[in-house]
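# Coordinates in review
Each chain, written out:
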Amino acid sequence: MSARKILIIGNGVAGVTAARTLRRLGSKDEITLISAETDHFFSRTALMYIYMGHMRYENTKPYEDGFWDEHRIGRLRARVTRVDTGAKQLHLDSGATMPYDALVVASGSKSNKFGWPGQDLPGVQALYSYQDLELLEANTASGRVRRAVVVGGGLIGVELTEMLLTRGIPVTFLVREPGWMSFAYPPEESAMIARHLREHGVDLRFGTEMERIEAGPDGRARAVVTKSGEEIPCELVGLTVGVGPNVDFLKDSGIETNRGVLVDEHLRTNLPDVYAAGDCAEVRQARPGRRPVEPLWYVGRRMGETVGYNLAGKPTVYEPGTWFNSAKFFDLEWQVYGQVPAQPGEGEESIYWEHPAGKLGLRLNYRGPDGPVLGFQVMGIRYRHEVCQEWLEAGRPIRWVLENLGVANFDPEFYRQYEHELVAVYNRRHPESPVTLKRKRGLAGLSALRRAS
Amino acid sequence: MSHGSSSALRTLQLAGLGLFLLGFGLFLIVPFFDYYVADDAAWSVALEKIKPEHRDALRGAFSNPTDPRSVVAFGLAANRAVAAVNAGLPAGAGIAGYETKEFRLALATAAERGPVVRSPGLWAALTWGLACFGALLFFLPRLRQEPPGIKNHRIFFDPVKSRGAIGIALGAFLIGFYILLYFRPEFITGWIRLADPVAQLLKGKTADRWFFYGFLYCLAVLVMGIRFAINYRHSRYQLVRTASVTFFQLGFAFLIPNVLEALNKPSMDLKNAWPLNYTFFYDWNLNGLKSGGTFGWVLLWWGVALSFLVVPAFAAFFGKRWYCSWVCGCGGLAETLGDPFRQQSDKSKRAWKIERWVIHSVLVFAVVMTGLTLWNYHTGGFGNSYWKWQEWYGFAIGSIFAGVVGTGFYPLMGNRMWCRFGCPLAAILGMVQKYKSRFRITTNGGQCISCGNCSTYCEMGIDVRWYAQRGQNIIRSSCVGCGICSQVCPRGVLRLENGPTAGRYNEVSLVQIGSGRIDVR
């Protein structure tokens, strides 16, 4: 294959992984990453740590600056204003055009706004981009903010809350739902997270919706008014009500979009030589249990890799793989492997153990009474990805999983293990034939298990 | 946490900070409090350090010895006297460098008069006593201020921890401290007196400069170890490790050798292995141990076994961490006093390259120097030429690299400068760790989000993220296994573990974990 000009819109994890994969597969193509946001790839998930002083921007770059030249991956700081798929060229905000042989749209997300009165006032902002971070610095400079209101109870809302608290800014956190992400988390985990936020001094208000934002005499946000009429004085309003695909610039390009750029199982759009990956992509036929748009680091990385293979002439279907995710709510780590919905489905069972101190939790979902394990969810405890995935994909029955559960633990050495407690929960439910926990954490146990099975 | 008590705790902390600064400030000026008079008694002690043929000339060259002088004036006068004697003699025939240093220190120590030498207990309480009390008062309220967990807030805005003005000043102080301690101890006899109460208690005599240094070292490890334990109280790994490294410093490096010395036994730091302990095979040490009867021989063989069997064998089972971040004194100081500065280590590939060249060069230097020493010890065939090697190693590596740079540069370039770039024992352990060990840091499948916390807080400057984001185990010779990367990871990605070596070097990228596709590099 002769060298093509491959342009990638977006230098986030999806675009970068596509470029990296293509290079690693030996491509001689001319690859250019185009970003309006930053000169170099940085970890979006680490923006919060810059504001909190855990890292500098430099520390959030996964590769040294020299890496890109070394791997002949070009970088261009520009905003793509229009995609001319007929002439196969991009129009940039500078007025320049760039021709391409193949195009990858990896333009990420933009923050949602739902038409609230006052949502565009100074002092009202979202948190997604590097520019949002700069705006937050400006908005919270020199003691200007005595209280902030964060609207929308997702992960970014928690992050923004944590960020502001480290600067000594009290936060009122408005959540529409009656509990913490009660549509997604089982009640116990939901309650644990809510408790944890309150322990950190967050003024957490469930079942509370914002009606409008009031402006002060200086034209900046002055207060949030809730649907129940309460006025909460504040100088900063964080809108963290989710994100949506950033695809407005593709209007009239001929690239088919719905919410995001529509892609088939090879992540191809309706046009030849145009692919999409990451937050901005919308899978035409999502796999069971998965959503068409999944704005997630892991999904972006995986889609980027798939696009890299396809561009390299190795046709590859996007396999979302067994679901996993993780997050950290203040000090509370969370991991999930497989499906752990708020309520177990028909014919499914769920066992849960929580430490008396309320900061550790273990949950297993399975098809009862001795069917395959369906999901692992851990709070304040770490589990081994490889092991959980192996067991989920093999459909290991719950009793077998419980016997070997110690091996799934990934906590640091010397940490106490609590798998026996979860086994006890199961045994109380099925006293007729109790399960005995056989294995402990660690590589020795893991290799013994592999030899045995 | 109730916010009602937070202002009281904050007040307590501010009081602690104030007391610390007061104690530390007094410590800085204590050496200037006393004056110095070289009377007959002082001379008789100090001239012992000088070869007999120079004694009269030296004493004669010291003008007006009984005039009270300040510490600086006295030190300079002693130095001038030595220079005056040597000026009249051909090169090589004068007073040798090592004699000079010992002479100046002995003379100043014996000549010291004034409030500090009169009541060292009072000044000990007012300096390190107050500083330690204040520091603890500053750290302890954290137990009630915030729930346990990683709290790296504002580190990169902090003028101490992010190489700001105070950090640079602190670095300058530490560098100055080591230069005075190693090369100009006659200027800090007032400091040495501050350890007298402890030396009297332990050994029944006054402190010398190495006792003073060892004591201060222990205080730093203890107080900053308490700080570390408070900050990482949610982690049993960190608590056990910190208890271990503190125990070995206080017990093995300090108490046991000093008690042995008090009992007139051959004495040694039982955990200090060659070649970190580069003087182990020096004539005076071997002779000292051999003349110490059965006990001395036991110590001698223990030292040999420790260096060549115990340390490498344990590294094969547990990685070099068992020594470097669980037992070692340098590691102990780095993990406690140095912990606030771990983010200053250089993560670049360039630094890694320099590291490999420098640390292995030091190892070669240490091996050659020790080889020459031992060869000479057995054959006597070298005359004095091996002595130059010892002198250069002691100066360049033992004093400048391990001390002045190793600790002085904490606030400037991170807390493991010596361990990473210089320590020859770490170089040996690193080879074991890389090629023949059951230790690795496992990456947890695809959970890495490339945030960079692990790399940022790696004191050894390892770009942990490079491996983690491609699902690769981290096996690096420099890793000391402190475990902080695993602690600061927000997604539960990293685990330090020992285990079967099959698959330790996993070249498979797990980004596509589960899809059955094996990634090519």
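Rules used throughout
- Residues numbered from 1 in each chain as written.
- Chains lettered and ligands numbered in written order.
- Predicted model: local features only at pLDDT ≥ 70, side-chain atom pairs only at ≥ 80, totals over all residues.
- Helix = DSSP H or I, 4+ residues; strand = E, 2+ residues; numbered from the N terminus.
- Rg over C-alpha atoms; globule rule 2.2 N^0.38 Å.
- Buried ≥ 20, exposed ≤ 12 C-beta atoms within 10 Å, placed from the backbone.
- Expected span 1.5 Å × (residues − 1).
- Bend = angle between axes of the 7 residues up to and from the residue.
- Contact = placed C-beta atoms within 7 Å.
- Pairing = 2+ DSSP bridges.
- Axes fitted to C-alpha atoms, helices over the stretch in contact; angles between N-to-C directions.
- Core = buried A, V, L, I, M, F, W, Y, C linked by C-beta atoms within 7 Å.
- Nonpolar A, V, L, I, M, F, W, Y, C, P; charged D, E, K, R; others polar.
- pLDDT = per-residue confidence, 0-100.

## Focus on the overall build of chain A
Of regular secondary structure, chain A possesses 11 helices and 25 strands. By the compact-globule yardstick of 22 Å for 453 residues, chain A fits well, its C-alpha radius of gyration being 24 Å. Taken along its principal axes, the extent of the C-alpha atoms in chain A is 75 × 65 × 40 Å. Split into buried and exposed, the 453 residues of chain A put 48% on the buried side.

## Considering unusual backbone geometry
In terms of backbone geometry, most residues other than glycine have negative phi values and most peptide bonds are trans. A cis amide bond links glycine 368 of chain A with the next residue in sequence, proline 369 of chain A, at an omega value of -10°. Along the chain, the position of proline 369 of chain A falls in the loop between β24 (361-367) and β25 (373-379). Cis peptide bonds are those with omega within 30 degrees of zero, and the linkage from tryptophan 274 of chain B to proline 275 of chain B qualifies with 5°. Among the secondary structure elements, proline 275 of chain B is positioned in the loop between α13 (236-262) and α14 (283-290). Positioned with a positive phi, aspartate 273 of chain A is a non-glycine residue whose angle comes to about 65°. By the element assignment, aspartate 273 of chain A lies in the loop between β18 (261-263) and β19 (274-276). Despite not being glycine, asparagine 264 of chain B has its phi angle at roughly 65°, a positive value. For asparagine 264 of chain B, the location among the structural elements is in the loop between α13 and α14.

## Concerning α13 of chain B
Side chains three or four residues apart in an α-helix point the same way, a direct result of the helix having 3.6 residues per turn. Residues and elements named next belong to chain B. The first and last C-alpha atoms of α13 sit 37 Å apart over 27 residues, in line with the 39 Å expected at 1.5 Å per residue. Of all the bends in α13, the greatest reaches close to 35° and is centred on leucine 255; the proline proline 257 follows between one and four positions later. All of the buried residues along α13 are Tyr237, Gln238, Arg241, Thr242, Val245, Thr246, Phe248, Gln249, Ala253, Phe254 and Pro257. Tucked inside the fold, the buried residues of α13 contact α12 (209-231), α17 (329-336) and α25 (484-488). Just downstream of α13 lies asparagine 264, where phi reads positive at about 65°.

## What about the sheet that holds β24 of chain A?
All names here are of chain A. Reading across the sheet, the five strands line up as β21-β22-β25-β24-β23 and stay open at both edges, with antiparallel pairing between neighbours. Of all the strands in the sheet, the pair left with one neighbour each is β21 (324-329) and β23 (348-354). This sheet shows a mean twist of 10° between the axes of neighbouring strands, independent of strand direction. Of the pairings in the sheet, the one linking β21 to strand β22 (residues 332-338) comprises six bridges and is antiparallel in character. Within β22, the residue paired with phenylalanine 324 across the bridge is tyrosine 337.

## Overview of the nonpolar core
Core analysis: the largest hydrophobic core is formed by 254 residues, its most contacted members being Ile8, Ala18, Val104, Val237 and Ala277 of chain A together with Cys485 of chain B. No other element matches the 11 residues that α12 of chain B contributes to this core. Ignoring anything within four residues of it in the chain, the contact list for cysteine 485 of chain B reads Ile441, Cys454, Tyr457, Cys458, Val464 and Leu494 of chain B.

## Some points on the interface of chain B and chain A
Each partner contributes to the interface: chain B provides 46 residues, whereas chain A provides 49 residues. Taken together, the elements giving at least two residues each to the side of chain B that touches chain A come down to α13, α23 (453-456) and β4 (494-498) of chain B. Residue composition of the side of chain B that touches chain A, by class: 16 nonpolar, 22 polar and eight charged.

## As for the pairing of β24 of chain A
Residues and elements named next belong to chain A. Counting buried positions along β24 gives six out of seven residues, so the element sits mostly inside the fold. By the bridge criterion, seven bridges tie β23 to β24 in an arrangement that is antiparallel. If you follow glutamate 349 over to β24, its bridge partner there is tyrosine 366. The antiparallel pairing of β23 with β24 creates a hairpin that spans six residues between the two strands, and glycine 358 there sits at a positive phi of about 75°. Relative to β25, β24 is paired through six bridges, and the arrangement is antiparallel. Residue pairing across strands places leucine 364 opposite phenylalanine 376, the latter belonging to β25. Hairpin connection between β24 and β25: a loop of five residues separates the two successive antiparallel strands.

## What to know about the sheet that holds strand β6 (residues 97-99) of chain A
Residues and elements named next belong to chain A. Spatial strand order, β4-β5-β6: three strands in an open sheet with antiparallel pairing. Every interior strand has two partners, whereas the edge strands, β4 (80-84) and β6, have only one. Here the strands of the sheet are splayed against their neighbours by 20° on average, with no regard to which way each runs. Sheet analysis places β4 next to strand β5 (residues 89-92), joined by four bridges and oriented antiparallel. Note that in β5 the partner of valine 83 across the bridge is leucine 90.

## Section: the confidence of the model for chain B
Residues and elements named next belong to chain B. For chain B, per-residue confidence averages 93 on the pLDDT scale, and 96% of positions sit at 70 or higher. For the stretch residues 513-521, pLDDT sits under 50, and the model shows 23 contacts to residues farther than four places along the chain or on other chains. What the predictor reports for the complex is a pTM of 0.96 with an ipTM of 0.96.

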